[in-house]
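# Survey of secondary and tertiary structure
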Amino acid sequence: MENNLMTKLYNYIYELKTGTIIHHQRKVTTLKRKHFMIAVLSGLSFLAMGHGLTANAKSDNAPTIANVVFKPTNETNLTNYVYDTVDPNSQYFHHYLSPGEFAQKFGQSDRYVAAFKTYLKKYHVNADVYGGNLSLKVSGTRNNVNRAFNAKSVTEKRTHKSRTTYKLPAHLSNHVLTVMGLYQSKPTVNKPVNRQSHSKKALTQLQSSSVSSRTQTDDTKPDTTLSGDRFSKKYGALKFAKQYQLTALYDKGLKGQGQRIGIISSGDFHNSDLTTYWKQAGVNNDLSHIHKIYTVDSRKDVQKRLDFAVNGAQIEATLDVQAASSVAPKADIDFYIGDSTDDLTNAPTAEVQSRWHDYSATMAQYNHAFNLMLEQAAAQGITVFRASGDNGPRDDVTLAKENHAFSTSPYQVIVGGTTLPYTKTINHKVVTVAKECAWGSNITATPAQIEAGKIGGSGGGFSALNPTPRYQQGISGVNTFRAIELLKTQRKNHKYTISKHPKIITGINNGRNLPDVAGNADIQTGYALYFSGNQVRFKQNKLHSVLKKVWMMDGGTSYTSPQMAAANAVMNSGRTTSIGFWNPQIYKFAQQADSPFTVLDGTNNHNLYYTGQPGKLYNQATGLGTINFDKLSRKFDQEANVK
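The text that follows walks through the structure, step by step, so that each part is easy to find. Sequence order as written defines the numbering, with residues in each chain counted from 1. Selection of residues for local features in this predicted model requires a pLDDT of at least 70, selection of side-chain atom pairs for listing and counting requires 80 or more, and totals for whole chains, interfaces and linings are taken over all residues. Side-chain measures here rest on the full set of heavy atoms in the structure, leaving out hydrogens and waters.

## Brief notes about the overall build of the protein
- Per the secondary structure count, the protein includes 18 helices and 28 strands.
- Note on classification: 1.4 Å probe, protein chains only; a residue is buried when its accessible area is under 20% of the maximum for its type, exposed when over 50%, partly exposed between these limits. The 643 residues of the protein split such that 60% are buried.
- Contact definition: two residues touch when any of their heavy atoms are within 4.5 Å. Considering only contacts in the protein between residues 6 or more positions apart, those separated by 24 or more positions represent 78%.
- Computed with a 1.4 Å probe, the accessible areas rest on the Shrake-Rupley method; for each residue, only the protein chains presented here act as cover. In the form shown here, the protein has an accessible surface area of approximately 26000 Å², with 49% of it arising from carbon and sulfur atoms. A run of H or I in DSSP counts as a helix once it spans at least four residues, and a run of E counts as a strand once it spans at least two, with each numbered from the N terminus.

Structural data, given as structure tokens:
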């Protein structure tokens, strides 16, 4: 059940390096491009729409999908190879592997994979191996899949929660890291739910998913009397490009040509919304650069839901592709859609225990598997970006320990949020931000947001699952922190309140520090978004829908992450080999005299908790800081020229 992102990511890693896109009809189209990068966004939480339709409501004959993740032949060698690909002193610098080469070097043998598939076939279960031989996608009826894995339901003594155990033959189990997505129900099974019903309950779930997934929308509308560059400079890509010195690369003719940006999402978007946005922002109106890949449900089924009503996953998907395609207008966008009516797969929330929904894999097992997948991406020259989230350091008020509802893998660039300078009257008060700082909206939160206990801010802090990676060790500010308790948690109602007398805290911690970099994400200085769809309501026990076409201002790290991926595409468009795994390189650059980063180390620089640390290179509010892409591009050039 927790294997949705795993399934989509493996699809992307495999398909890009083999130069193909596999559509839901299994039609293969050749793609003649050289370099690849991937944007992994903040979309895990908005898959929660399926959680209300619990897995134990499924019948034994319903189709299901699971993932079997294998151990690499030598994990230490794999990790070292990943670092070597971006070390100019290594013989493997920029020596990126194809999926086949990866399989030979680090994956399980073809013989072992074939034996696994033969075993599953006895139970009428299909298995497709991903390039690299580190994972199988398993599909069949739930009953057949459970029989193949000898799945059993057990109750944990400590938590009293239901878990699914599995057992495989010894000749197969030795190389298995984990199996994700198995679910064996207790003896008493709930009655099946009609998932296709447009009942009031189903509509309520759909609408609530929209509200919960987009906390940063605003009633303020962009001025659509502006168009082209004027619109883009105020609300779009040119605003981002000017702020972070990407325009210097545009002036050299670099617009992302020859590059691919992969976006992994749980929702779909209307092509017409994209072309409307492009026309307003003066972007080349060419849909041939957009490639939709439906990884679970068919295009027909996904679009049927898209046409039914606007939901949060659609809005997230729309802003992702609008942001990426406008910053890198000549890059191809591969958009992977994992929407599933019947919850064939479900959402991983890798570090929040209370939201963990995989019955057969623990958080630690999922985290390990996810890290291996991202190491494979890095070994293949794919750069992975991930939004840090929009809820400050905590995504779950009920837990005392810091937590994040997304992966904190060290093999991805985690992107935090900032606020640009502005002066506005907000909530009847004049608010002035003199210079760019971390995004934490305790002052600008609306009364409704305060009442709901939902106050926006950049994600950041320390990973509960991943240790401090080697590239962060020895960096000043890493594993130390300064914080201010601006929010108090109300355990009874699971809400935040703003503290009247915040305390200053300093200390040490450990684990993977996040984010790595940051960019504008505050709605007060945010970007324009356009989307359309039916607004559905029940009135007098009848379903009523009204088509809405919406221009609005929006914010969140969900913007900054695809923008960063697009900026990477722009830098790559001037190279013969991909930049690859950013993190070891950028932490080295940050220590140099001509660093491409602006450190935001002021003590008024906070993400609702963590602040800047004066004089230190790193802080858990904004990471290494904001990027000068002109300088960063030249730094990457210098690395390549060392060889």
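## A few points about the environment of Pro393
- If you trace the backbone, Pro393 turns up in the loop between strand E13 (384-387) and strand E14 (413-419).
- With relative accessibility at 8%, the residue Pro393 sits in the buried group.
- For Pro393 and Tyr610, which are 217 residues apart along the polypeptide, the C-alpha to C-alpha distance reads 7.8 Å.

## What to know about the nonpolar core
- Take the buried residues of types Ala, Val, Leu, Ile, Met, Phe, Trp, Tyr and Cys, join any two whose side-chain atoms come within 4.5 Å, and each joined set is a nonpolar core. With 99 residues, the main nonpolar core has Leu246, Ile261, Trp582, Ile586, Phe597, Phe629 and Leu632 as its most contacted residues.
- Examining the composition of this core, we find that nine residues originate from one element, helix H14 (residues 363-379), more than from any other.
- Contact partners of Leu632, with chain neighbours within four places excluded, come to Met571, Trp582, Ile586, Phe589, Pro596, Phe597 and Ile627.

## Describing helix H16 (residues 557-572)
- Helix span, expected: 1.5 Å multiplied by one less than the number of residues in the helix. An ideal rise of 1.5 Å per residue puts 22 Å on 16 residues; H16 measures up with 23 Å between its terminal C-alpha atoms.
- Across the 16 residues that make up H16, a large majority, 16, are buried.

## Focus on the sheet that holds strand E9 (residues 176-180)
- Across the sheet, four strands lie side by side as E5-E6-E4-E9; this open sheet has antiparallel pairing. Only two strands of the sheet have a single partner each, and these edge strands are strand E5 (126-129) and E9. Strand-to-strand, the axes of this sheet are offset by a mean angle of 20°, without reference to chain direction.
- Strands are treated as partners if at least two bridges between them are detected by DSSP. Pairing between E5 and strand E6 (residues 135-141): four bridges, direction antiparallel. Each bridged residue has a counterpart across the sheet, and for Ala127 the counterpart in E6 is Val138.
- Orientation is described by lines fitted to C-alpha atoms, with helices fitted over the stretch in contact, and by angles between N-to-C directions that extend from 0 to 180 degrees. Each of strand E4 (63-70), E5, E6 and E9 touches helix H4 (residues 110-121); the most contacted strand, E6, lies at about 10° to it.
- Against the sheet, H14 engages E4 and E9, with an angle of about 110° to E9.

## Overview of the packing of aromatic side chains
- Note on aromatic contacts: the rings of Phe and Tyr and the six-membered ring of Trp form a pair at centre separations within 6.5 Å, being stacked when their planes are under 30 degrees apart, edge-to-face when over 60 apart, and tilted otherwise. Per the stated rule, a full pass over the model turns up 30 aromatic pairs.
- Taken together, a centroid distance of 6.1 Å and an interplanar angle of 45° make the contact between Trp582 and Phe636 tilted. One end of the pair, Trp582, is in the loop between H16 and helix H17 (583-590); the other, Phe636, is in helix H18 (residues 629-642), and 54 residues separate them in sequence. Accessibility classification places Trp582 together with Phe636 in one group, the buried group.
- Grouped by ring-pair contacts, the aromatic residues Tyr83, Tyr411, Tyr471, Phe581, Tyr587 and Tyr618 constitute a single cluster.
- Its guanidinium or amino end placed over the ring of Phe269, Lys292 lies 4.1 Å from that ring's centre, counting from NZ or CZ. Remark: a charge is flagged as sitting over a ring if the NZ atom of Lys or the CZ atom of Arg is within 6 Å of the ring centre and within 35 degrees of the ring normal.

## A look at the side chain of Asn520
- Within the secondary structure, Asn520 sits in strand E24 (residues 517-520).
- Once you skip the residues sitting within four places of it in the chain, Asn520 turns out to touch Lys239, Tyr244, Thr418, Thr419, Leu420, Glu436, Thr525, Gly526, Tyr527 and Thr560.

## Comments concerning the packing of helix H13 (residues 312-327) against H16
- At a closest axis distance of 8 Å, the pairing of H13 and H16 adopts a crossing angle of 30°. The angle between the axes of H13 and H16 places the two elements in the roughly parallel class. Both H13 and H16 take part in a crossing whose hand is right-handed. Each of Glu316, Leu319, Asp320, Ala323, Ala324 and Val327 in H13 lies in contact with H16, whose residues at this interface are Ser558, Tyr559, Pro562, Gln563, Ala566, Ala567 and Val570. Throughout this description, any angle smaller than 35 degrees is read as roughly parallel, any larger than 145 degrees as roughly antiparallel, any in the 65 to 115 degree range as roughly perpendicular, and the remainder as oblique. Handedness of each helix crossing follows the sense of rotation of the near helix against the far helix: counterclockwise by less than a right angle gives left-handed, clockwise gives right-handed.

## Brief notes about the pattern of salt bridges
- Think of a salt bridge as a Lys or Arg side-chain nitrogen and an Asp or Glu carboxyl oxygen that are within 4 Å of each other. Tallying each qualifying case throughout the model produces ten salt bridges.
- Between Arg260 and Asp332 there is a salt bridge whose closest N-O contact spans 3.7 Å. One end of the pair, Arg260, is in strand E10 (residues 259-265); the other, Asp332, is in strand E12 (residues 332-337), with 72 residues separating them in the sequence.
- Note on Asp332: relative accessible area 4%, which makes it buried.

## Examining the pairing of strand E19 (residues 480-484)
- With five of five residues buried, E19 is to be regarded as a mostly interior element.
- Alternating positions in E19 separate into two faces, Thr480, Arg482 and Ile484 on one and Phe481 and Ala483 on the other, with burial throughout.
- Where E19 and strand E22 (residues 504-508) come together, five bridges link them in antiparallel fashion. By the bridge assignment for E22, Ile484 is matched with Ile504.

## Considerations on unusual backbone geometry
- The step from Leu514 to Pro515 runs through a cis peptide bond, and the omega angle for that step is 5°.
- Along the chain, Pro515 falls in the loop between strand E23 (513-514) and E24.
- One non-glycine residue, His124, lies in the positive phi region at around 60°.

## Points about helix H2 (residues 75-84)
- Among the residues of H2, Leu78, Thr79, Tyr81, Val82 and Tyr83 are the ones counted as buried.
- Close packing links the buried residues of H2 with helix H3 (99-105), H14 and H17.
- For the purposes of these results, a polar contact is taken to be a pair of N or O atoms within 3.5 Å, where, inside protein, one atom must be able to donate a hydrogen and its partner to accept one; residues adjacent in sequence count only when each atom of the pair is a side-chain atom. Here H2 starts with a cap whose side-chain oxygen sits 3.2 Å from the backbone nitrogen of Thr76, and that cap is Asn74.

## Quick notes on the environment of Tyr530
- Mapped onto the elements of the fold, Tyr530 is located in strand E25 (residues 527-539).
- With relative accessibility at 7%, the residue Tyr530 sits in the buried group.
- Each C-alpha atom of the pair Tyr530 and Val550 lies 5.6 Å from the other, and the pair is 20 residues apart in sequence.
- Residues in contact with Tyr530, not counting those within four places in the same chain, are Asp273, Thr276, Thr318, Gln322, Lys549, Val550 and Trp551.

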